[in-house]
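Coordinate inspection notes
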Amino acid sequence: MSNQRPRTVSGMRPTGPLHLGHYFGVLKNYVELQRTEEAYFFVADWHALTSDYADPSRVRDNIDEMVKDWVAAGLDPEQCVIFRQSAVKEHAELSLLLSMITPVSWLERNPTYKEQQQQISNKDLGNAGFLCYPVLMAADILMYKPHGVPVGEDQLPHMELTREIARRFNYLYGETFPEPQAMLTPAAKCPGLDGRKMSKSYNNGIFLSDAMSDIEAKVRGMFTDKNRLRKSDPGNPDICNLFPYHLLLSSKEEQEEIRSGCTGATFGCVDCKKRFLKHLGEFLAPLQERRATLSTERVRAILADGNDRARAFASATLEDVRAKMGL
Ligand code: TRP
């Protein structure tokens, strides 16, 4: 796998089964990147514990399920390295060493940190692990010296901090870490069933592993254009919660047909939902077929192999870092 391709790394917290928002927001990007990059993708299970430390009972299952979703969606362990953060202890060591050179003020002023502390009321996020979340993330990234990191927009403050830590390390100990760029997926809008952002915590998601019968019931209750009550009312696709999915799943000609049928009051929301379900079914069928063939044993074997490959890279980085820091 060591080759001339540019290197990339990214991780996801194992919070449960993945939904369409995850797929079109990040995972689709992973699947494309594995073809052109030397790619490392990992399950950020330590990061999950920074906020879910009080109830870790689901973490283990969530890891297996998330990797099943990844492979079902097209990540190929022959083409990229799929591993588990906590299985590569070098991440913890690098995080510790980077914490030596990271001012606490950088962490406290991180907008994501402040926002989450305010917004999440059902968990106590006053723990040191949560404050140090971005240091661990910087270690995850810098470890592999990537040129870019596929992430969602919400991760930009963490990426900035990662670059600041890299600069500080290079300044103190000599040029070691290239400054990685965020690789944002071209904005894919994925509203949830209720029109808010699709999110597990809002309970408004369509999951990649949902049975079609469940999806049909979910879509039946989905908001479209709230002002359009009857088919004979003209609708507005630009404020409809369903239309963004036609932009992702339907052909250009169909998008035009739907747009003009909606604004011209000839194509109703019920038919529009049927069309969506047809395309969603076609999209999900191969994923779900592949998912059904994946046993937990197979997933664990994929991770075991990926862990070894990640560790080989990580231990070389750590040897260099230890020496530079006088150890
Ligand atoms: N913070 C990321 C998220 O919540 C997960 C993550 C942890 C990550 N370490 C990373 C993403 C390193 C990219 C690179 O989505």
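Because the structure is predicted, anything quoted here is derived from the model rather than measured.

Let us now look at unusual backbone geometry. In this structure, Asn-203 is a non-glycine residue whose phi angle is positive, near 60°. Tracing the sequence through the fold places Asn-203 in the loop between strand S5 (181–184) and helix H10 (212–220). Judged by its relative accessible area of 68%, Asn-203 falls in the exposed class. Although it is not a glycine, Ala-265 adopts a positive phi angle of roughly 60°. Looking at where Ala-265 falls in the secondary structure, it is placed in the loop between helix H12 (252–263) and helix H13 (269–292).

Turning next to the packing of aromatic side chains. Applying the stated criterion across every chain yields a total of 15 aromatic pairs. Feature note: the residues Tyr-40, Phe-42, Phe-83, Tyr-144 and Phe-313 constitute an aromatic cluster, connected by ring pairs. The ring of Tyr-202 is capped by Arg-196, whose NZ or CZ atom sits 4.0 Å from the centre of that ring.

What follows is about the pairing of strand S2 (residues 38–43). The buried fraction of S2 is high, at six of six residues. Across six bridges, the pairing between strand S1 (residues 7–12) and S2 is parallel. Within S2, the residue paired with Thr-8 across the bridge is Ala-39. Between S1 and its parallel partner S2, the chain crosses via helix H1 (residues 20–36), and the hand of that crossover is right-handed. In this sheet, strand S3 (residues 81–84) lies alongside S2 in parallel orientation, the contact comprising four bridges. Each residue of the ladder has a partner; that of Val-43, found in S3, is Arg-84.

Between its first and last C-alpha atoms helix H3 (residues 59–72) spans 20 Å; for 14 residues at 1.5 Å apiece the expected length is 20 Å, and the two agree. Counting buried positions over the 14 residues of H3 gives 11, a clear majority of the element. The set of residues buried in H3 consists of Val-59, Asn-62, Ile-63, Asp-64, Met-66, Val-67, Lys-68, Asp-69, Trp-70, Val-71 and Ala-72. Two residues or fewer after H3 comes Gly-74, characterised by a positive phi angle close to 120°.

Moving on to the domain arrangement of the protein chain. You can read the domains of the protein chain as domain 1 (7–188 + 295–325) and domain 2 (212–290). Between the C-alpha centres of domain 1 and domain 2 the distance comes to 35 Å. Taken together, the contact pairs eight residues of domain 1 with seven residues of domain 2. Carbon and sulfur atoms make up 82% of the area that domain 1 and domain 2 hide from each other, which totals about 670 Å². Linking domain 1 with domain 2 are zero salt bridges, by the criterion used here. Across the contact surface, domain 1 and domain 2 share one residue pair in polar contact (both at pLDDT 80 or more). Of all the secondary structure elements, the ones that give two or more residues to the side of domain 1 that touches domain 2 are H1 and H3.

Packing of helix H2 (residues 45–52) against helix H8 (residues 133–142) brings their axes to within 10 Å, and their N-to-C directions diverge by 175°. What the angle tells us is that H2 and H8 run roughly antiparallel. Counted together, Trp-46, His-47 and Thr-50 of H2 and Tyr-133, Leu-136, Met-137 and Asp-140 of H8 form the full contact between these two elements. Its residues assigned to classes, the contact of H2 with H8 comprises four nonpolar, two polar and one charged.

Conventions we followed
Residues numbered from 1 in each chain as written. Predicted model: local features only at pLDDT ≥ 70, side-chain atom pairs only at ≥ 80, totals over all residues. Heavy atoms only, no water. Helix = DSSP H or I, 4+ residues; strand = E, 2+ residues; numbered from the N terminus. Buried < 20%, exposed > 50% of the residue type's maximum accessible area, 1.4 Å probe, protein only. Phe/Tyr/Trp six-rings, centres within 6.5 Å; stacked < 30°, edge-to-face > 60°. Lys NZ or Arg CZ within 6 Å of the ring centre and 35° of its normal. Pairing = 2+ DSSP bridges. Right-handed = clockwise from strand over helix to strand, strands pointing away. Expected span 1.5 Å × (residues − 1). Domains from an automatic or database assignment. Contact = heavy atoms within 4.5 Å. Buried area = accessible area lost by both parts, 1.4 Å probe. Salt bridge = Lys/Arg side-chain N within 4 Å of Asp/Glu carboxyl O. Polar contact = N/O pair within 3.5 Å; in protein donor to acceptor, adjacent residues only side chain to side chain. Axes fitted to C-alpha atoms, helices over the stretch in contact; angles between N-to-C directions. Parallel < 35°, antiparallel > 145°, perpendicular 65-115°, else oblique. Nonpolar A, V, L, I, M, F, W, Y, C, P; charged D, E, K, R; others polar.

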